Amino acid sequence: QETLTGKYGEDAKLIYELQDQGGELLALRYDLTVPFARYLAMNKITKMKRYHVAKVYRRDNPATTRGRYREFYQCDFDIAGQFDPMIPDAECLKIVHEILSDLHLGDFLIKVNDRRILNGVFAVCGIPESKFITTCSTVDKLDKMPWEEVRSEMVGEKGLSPEAADHIGEYVQLHGGLDLIEQLLQDPKLSQNKLAKEGLGDMKLLFEYLTLFGITGKISFDLSLARGLDYYTGVIFEAVLLQQENDHVEEPVSVGSVAGGGRYDGLVGMFDPKGRKVPCVGVSIGIERIFSILEQRVKASGEKVRTTETQVLVATPQKHLLAARLKLISELWDAGIKAEMLYKKDPKLLKQLQYCEDMGIPLAAIVGEQELTDGVIKLRDVATREEVRM
């Protein structure tokens, strides 16, 4: 449990906690980033690039229609090591862009911001440093609720002055590209703040690299992006699917964020007894969320999706031929061919062929008494109904 506590900020309330039979305090993993950082520190690894697909757990209110579960898969990609600024960060964004493009999920947008820029904004708006993290998690709600509600939470719950909140509002509602970065670098207040200036300098560099990768069309520098987690130290990003107006679906499916990530330079140091730091940047793809969109899309289009890769069904037309089917399927399996048969002693041929059609199995290998006598099998193309003897 202690591995996970103090790493997630306000999200910590979503961690599943439990005790084992010996009374040891345990928790189910909340993401794949913290375990990765612990692994690097334990094994004294200072450079690594890896992906990891596994389950994580959130004690959240599930909304299964939107792909929000309590137990779900994530796919993480991380680059750990001391490198020149923004090169690995740009690669992480390139990977997100590539995945979302290849999956044909429709239009998407990758929002990018930097914790240092955000903290600089808070500082010039006169917010005490002790309130940075809680203000952050409120700003992060801007994609779900209007500025008025976010403002009243800042003033009402987080205890910021109305002036400070309005001041923050002037910044966090901005979004754009290189032009906005240049504009903020000229901002008389922000440019005086060391953190914000660093962040904006890196952001400019990042956008130059993303331009070279040719992906800036889908990327927006968005000052409202905050990401609720504590461990981010620099660049942060989040990919959202943009709503398609769809004829088939009565109500449009909003799935929100399908990927997120950022730079977390301090996390490995938290696990290292000597506090040795390993800078890291990574991204997490919400597999389950993406699946729920793909499933809804398939449902709407009415097309059938094969659930198995079976290439051939071994079938028999008469009774008492189970032995022939078992011998043949064994040969096919040994040859590395994906084959199936019905688990019945004497299935009807029509039933077997119908199964091929239902499951989308392209071929049926039919072996009857005549075929056994002639030492052949009949191979049937299920779709065209053509048959050849072999």
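Residues numbered from 1 in each chain as written. Predicted model: local features only at pLDDT ≥ 70, side-chain atom pairs only at ≥ 80, totals over all residues. Heavy atoms only, no water.

1. What to know about the state of the cysteines
Across all of its chains, the model carries zero disulfides by this definition. Free cysteine: Cys 280, not disulfide-bonded; nearest cysteine sulfur from Cys 92 at 10 Å. According to the relative accessible area criterion, Cys 280 is buried, its value standing at 0%. (Disulfide = S-S within 2.5 Å. Buried < 20%, exposed > 50% of the residue type's maximum accessible area, 1.4 Å probe, protein only.)

2. Digging into the packing of aromatic side chains
This model, assessed by the stated rule, comprises five aromatic pairs. Taking 4.5 Å as the distance between ring centres and 45 degrees as the angle between the ring planes, the aromatic pair formed by Tyr 8 and Tyr 30 counts as tilted. Here the residue Tyr 8 occupies a position in the segment before β1 (17–19), and Tyr 30 occupies one in the loop between β2 (25–27) and α1 (33–42), the gap between them amounting to 22 residues. The same class applies to Tyr 8 and to Tyr 30, which are both buried. Ring geometry for Tyr 8 versus Tyr 231: centroids 6.1 Å apart, planes at 65 degrees, classification edge-to-face. On the criterion of sequence distance, the pair formed by Tyr 8 in the segment before β1 and Tyr 231 in the loop between β7 (219–222) and β8 (235–241) is long-range, its members being 223 residues apart. (Phe/Tyr/Trp six-rings, centres within 6.5 Å; stacked < 30°, edge-to-face > 60°. Helix = DSSP H or I, 4+ residues; strand = E, 2+ residues; numbered from the N terminus.)

3. Remarks on the sheet that holds strand β6 (residues 175–176)
Pairing between the strands of a sheet is mediated by backbone hydrogen bonds and can be parallel or antiparallel. One open sheet accounts for eight strands, arranged β3-β4-β10-β9-β8-β5-β7-β6; its pairing is mixed. With partners counted over all chains shown, the strands left at the sheet margins are β3 (48–57) and β6, one partner each. Sitting on the sheet, helix α3 (residues 115–124) is in contact with β5 (108–114), β7 and β8, with an inclination near 60 degrees to β5. Sheet strands touched by helix α10 (residues 287–301): β3, β4 (71–80), β8, β9 (257–263) and β10 (280–286). Its angle to β10, the strand with the most contacts, is close to 35 degrees. (Pairing = 2+ DSSP bridges. Contact = heavy atoms within 4.5 Å. Axes fitted to C-alpha atoms, helices over the stretch in contact; angles between N-to-C directions.)

4. Structural notes on the pairing of β9
Most of β9 sits inside the fold, with six of its seven residues counted as buried. Inspection of the sheet shows β8 paired to β9 by five bridges, in the antiparallel sense. Bridged to Glu 238 within β9 is Gly 260.

5. Details of the sheet that holds strand β11 (residues 312–315)
Reading across the sheet, the five strands line up as β12-β11-β13-β14-β15 and stay open at both edges, with mixed pairing between neighbours. Of all strands in the sheet, those with a lone pairing partner are β12 (339–340) and β15 (387–389), marking the two edges. Strand direction decides the pairing type here: strand β14 (residues 378–381) and β15, joined by three bridges, are antiparallel. Looking at β15, one finds that Leu 379 is bridged to Val 388. Taken strand by strand, helix α11 (residues 322–334) contacts β11, β12 and β13 (363–366), and its axis lies near 155 degrees from that of β11.

6. Quick notes on empty space enclosed by the protein
Per the counting criterion, the structure on display carries two cavities of 30 Å³ or more. Estimates place the volume of the largest cavity at around 50 Å³. In terms of lining, the largest cavity is formed by Lys 111, Asp 140, Asp 143, Ser 224, Leu 225, Ala 226 and Glu 238. The class makeup of the residues in the lining of the largest cavity is two nonpolar, one polar and four charged. Within this model, the second largest cavity holds a volume of roughly 30 Å³. Top contributing element to the lining of the second largest cavity by residue count: helix α4 (residues 132–139), with three residues. (1 Å grid on protein atoms, 1.4 Å probe; cavity = no way out; pocket = protein on both sides within 12 Å on 5 of 7 lines; lining within 4 Å. Points joined across faces, edges and corners; volume = space filled by probe spheres on them. Nonpolar A, V, L, I, M, F, W, Y, C, P; charged D, E, K, R; others polar.)

7. Topic: the environment of Lys 338
Structurally, Lys 338 is set in the loop between α11 and β12. A C-alpha to C-alpha distance of 5.3 Å links Lys 338 and Gln 311, two positions 27 residues apart in sequence. Each residue touching Lys 338, except ones within four places of it in the same chain, is listed here: Glu 309, Thr 310, Gln 311 and Val 312.

8. Focus on a positive patch on the surface
Taken together, the side chains of Lys 319, Lys 344, Lys 348 and Lys 351 make up a positively charged region of the molecular surface. On the secondary structure map, Lys 319 appears in the loop between β11 and α11. Lys 319 gets classed as exposed once you look at its relative accessible area, which sits at 54%. (Patch = residues over 30% accessible without salt bridge, like charges linked within 9 Å, V, L, I, M, F, W, Y side chains within 5 Å. Areas by Shrake-Rupley, 256 points an atom, 1.4 Å probe, with all protein chains shown as cover. Salt bridge = Lys/Arg side-chain N within 4 Å of Asp/Glu carboxyl O. Lys, Arg positive; Asp, Glu negative; His and termini not counted. Charge placed at Lys NZ, Arg CZ, Asp CG, Glu CD.)

9. Quick notes on the packing of α4 against helix α5 (residues 147–156)
To characterise two packed helices, one gives the angle between the axes of the helices and the distance between these axes. Two elements in contact, α4 and α5, have axes whose closest approach is 9 Å; the angle formed by their N-to-C orientations is 160 degrees. By the angle between their axes, α4 is roughly antiparallel relative to α5. Crossing hand, α4 versus α5: right-handed. Taken together, the residues of α5 that come into contact with α4 (itself represented by Thr 135, Thr 138 and Val 139) are Val 150, Glu 153 and Met 154. Broken down by class, the residue content of the contact of α4 with α5 amounts to three nonpolar, two polar and one charged. (Parallel < 35°, antiparallel > 145°, perpendicular 65-115°, else oblique. Left-handed = near helix turned anticlockwise from the far one by under 90°.)

10. Topic: unusual backbone geometry
Phi is positive for Lys 44, which is not a glycine, with a value near 50 degrees. Relative to the helices and strands, Lys 44 is located in the loop between α1 and β3. Classification of Lys 44 as exposed rests on a relative accessible area of 59%. Phi at Met 86 takes a positive value of approximately 70 degrees, unusual for a residue other than glycine. Position of Met 86 among the secondary structure elements: in the loop between β4 and α2 (87–102).

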